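# Structural overview
If you want the building blocks of each chain, they are given just below.
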There are 2 protein chains.
Amino acid sequence: MQAVRLGKKLATFDEHWSPRIVSQFNGHDVMVVKARGEFVWHAHPDTDDFFLVLKGRLTIQLRDGQVDLGPGDLYVVPKGVEHRPVADEEVHLLLIEPKGTPNTGDQATAAKKTAI
Amino acid sequence: MQAVRLGKKLATFDEHWSPRIVSQFNGHDVMVVKARGEFVWHAHPDTDDFFLVLKGRLTIQLRDGQVDLGPGDLYVVPKGVEHRPVADEEVHLLLIEPKGTPNTGDQATAAKKTAI
């Protein structure tokens, strides 16, 4: 029975593109991540991909356009849709994905997700 | 392909305890809600209950304690656990629940959830 203070969780690490699990919800991992630069193009064949910007700005590039997000903006990339997150400056995000989802869409290249 | 700007969504209504659906994620409704005062004691037998405070403060009372949340704090009430949200002043929340989940735990008393 403990509140999850996202700002405090984010203050515990500096790595980019390395999600930390902060809670669980209906079989999903609730994660925070810091990101900067260009991630890889990828898709998740079996799950939607939830992004909420907590701090900074994020562009989610799609094959036919892009979505620009600031603090308090969210976007759900539909299942199977190719996308690439890009941040010119460091951005802090809340992510939600089914447990075990590889962040690159591929277990071989995925970051290990650690609970904090 | 459109960002969901939570602040703009929240600016479109004033009612309390009346969630608005702003997105969909893996069979769940992503909602914003404004709340003030005491909600009813309830539980959701089939789903965890996700709360993220966007603005203001929320207390989630549990039968054996309580969780106090401010902006950027989240808490997931486990499936089946009785709880009562309480806010002395208006609070703005992001909620995530499976589509069709009654906000009171009971369809007979639940608020209608409208998409905006």
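A short tour of the structure in this document, coming up. Numbers given to residues run from 1 along each chain, matching the order in which its sequence is written. Chains and ligands are labelled sequentially in the order written, the chains with letters from A and the ligands with numbers from 1. Given that the model is predicted, a residue must reach a pLDDT of at least 70 before its local features are reported, and side-chain atom pairs must reach 80 or more before they are shown or counted; all residues, however, enter totals for whole chains, interfaces and linings. In computing side-chain properties, one takes all heavy atoms of the structure into account and sets aside hydrogens as well as water.

### Let's talk about the pattern of salt bridges
Salt-bridge detection follows one rule: a side-chain nitrogen of Lys or Arg within 4 Å of a carboxyl oxygen of Asp or Glu. A full pass over the atoms with the stated rule returns 14 salt bridges over all chains. Its salt-bridge partner being Asp73(B), residue Arg5(A) comes within 2.5 Å of it at the nearest N-O pair. Note that Arg5(A) is positioned in strand 1 (residues 4-5) and Asp73(B) in strand 7 (residues 73-77), a pairing that runs across two chains. Accessible area is worked out with a 1.4 Å probe on protein chains only. A residue is then buried under 20% of its type maximum, exposed over 50%, and partly exposed in between. For Asp73(B), a relative accessible area of 8% corresponds to the buried category. Glu97(B) is the salt-bridge partner of Lys113(B), the closest N and O atoms lying 2.8 Å from each other. Taken together, the residues span a long stretch of sequence, with Lys113(B) in the loop between strand 8 (83-98) and strand 9 (114-115) and Glu97(B) in strand 8 at a distance of 16 residues. Overall, the relative accessible area of 15% leaves Lys113(B) in the buried class. Per the convention used, a helix needs a DSSP run of H or I reaching at least four residues, while a strand needs a run of E reaching at least two, with both numbered from the N terminus.

### Here's the deal with the nonpolar core
Phe50(A), Leu74(A), Leu94(A), Phe50(B), Leu74(B) and Leu94(B) are the most contacted members of the largest nonpolar core, which has 28 residues in total. Discounting residues that sit within four places of it in the chain, Leu74(B) has contacts with Ala3(A), Val4(A), Leu6(A), Ser23(A), Val30(A), Leu94(A), Phe50(B), Phe51(B), Leu52(B) and Leu69(B). By convention a nonpolar core is built from buried Ala, Val, Leu, Ile, Met, Phe, Trp, Tyr and Cys residues, the set being connected through side-chain atoms within 4.5 Å. Two residues qualify as a contact provided that any one of their heavy atoms is within 4.5 Å of a heavy atom in the partner residue.

### Let's talk about the relation of the copies chain B and chain A
One chain copy maps onto the other through a rotation about an axis and a shift parallel to that axis. The atoms used to superpose the copies are C-alpha atoms, taken from residues with pLDDT of at least 70 in both, and the fit is least squares. Structural alignment of chain B on chain A gives an RMSD of 0.0 Å, achieved by rotating through 180° and translating 0.0 Å along the axis. Accordingly, the operation relating the two chain copies is best matched by a two-fold axis. Taken as a fraction of all interface residues of chain B, those also at the interface in chain A reach 100%, which identifies the copy contact as same-surface.

### A short note on the interface of chain B and chain A
Taken together, the contacts link 34 residues of chain B with 34 residues of chain A. For chain B, the biggest contributors to the area lost against chain A are Met1(B), Phe25(B) and Leu74(B); these three give 28% of the whole. Across the chain B-chain A interface, the total number found is two salt bridges. Polar contacts here mean pairs of N or O atoms no more than 3.5 Å apart (in protein, one a potential hydrogen donor and the other a potential acceptor; neighbouring residues in sequence count only if both atoms are side-chain atoms). Applying the counting criterion to the chain B and chain A interface returns 14 residue pairs in polar contact (both at pLDDT 80 or more). Sort the elements by how many residues they give to the side of chain B that touches chain A and strand 6 (residues 65-69) of chain B lands first, with five residues. Each residue is assigned to one class: nonpolar for Ala, Val, Leu, Ile, Met, Phe, Trp, Tyr, Cys and Pro, charged for Asp, Glu, Lys and Arg, and polar for all the others, Gly among them. Partitioned by chemical class, the residues of the side of chain B that touches chain A number 17 nonpolar, ten polar and seven charged. As judged from the two bridges shared by strand 1 of chain A and strand 7 of chain B, these two strands associate in the antiparallel manner. Bridging from a neighbouring strand, Arg5(A) pairs with Asp73(B) of strand 7 of chain B. The buried area of a pairing is the accessible area, by a 1.4 Å probe, that goes missing from both parts when the two are put together, added over both. Pairing between two strands is assigned when DSSP locates at least 2 bridges connecting them.

### Structural notes on the packing of aromatic side chains
Two numbers describe a pair of aromatic rings. These are the distance of the centres and the angle of the planes. Pairing of aromatic side chains requires ring centres within 6.5 Å, counting the rings of Phe and Tyr and the six-membered ring of Trp. Pairs whose planes differ by under 30 degrees are stacked, by over 60 edge-to-face, and all others tilted. Across all of its chains, the model carries four aromatic pairs over all chains by this definition. One cation-aromatic arrangement involves Arg20(A) over Phe13(A); the distance from NZ or CZ to the ring centre is 4.3 Å. Put simply, a charge is over a ring when the Lys NZ or the Arg CZ is close to the ring centre, within 6 Å, and near the line of the ring normal, within 35 degrees.

### A closer look at the environment of Gly80(A)
All names here are of chain A. Assignment of secondary structure puts Gly80 in the loop between strand 7 (73-77) and strand 8 (83-98). Classification of Gly80 by relative accessible area gives partly exposed; the value is 45%. Sequence spacing of Gly80 and Trp17 is 63 residues, and the spatial spacing of their C-alpha atoms is 20 Å. Each residue touching Gly80, except ones within four places of it in the same chain, is listed here: Ala43, His44, Pro45 and Thr47.

### Here we look at the environment of Phe51(A)
All names here are of chain A. Summarising the element assignment, Phe51 is placed in strand 4 (residues 49-55). We classify Phe51 as buried; its relative accessible area is 5%. As for Phe51 and Pro19, which are separated by 32 residues in sequence, their C-alpha atoms are 12 Å apart. Residues in contact with Phe51, not counting those within four places in the same chain, are Leu58, Ile60, Leu69, Asp73, Leu74, Tyr75, Val77, His83, Pro85, Leu93, Leu94 and Leu95.

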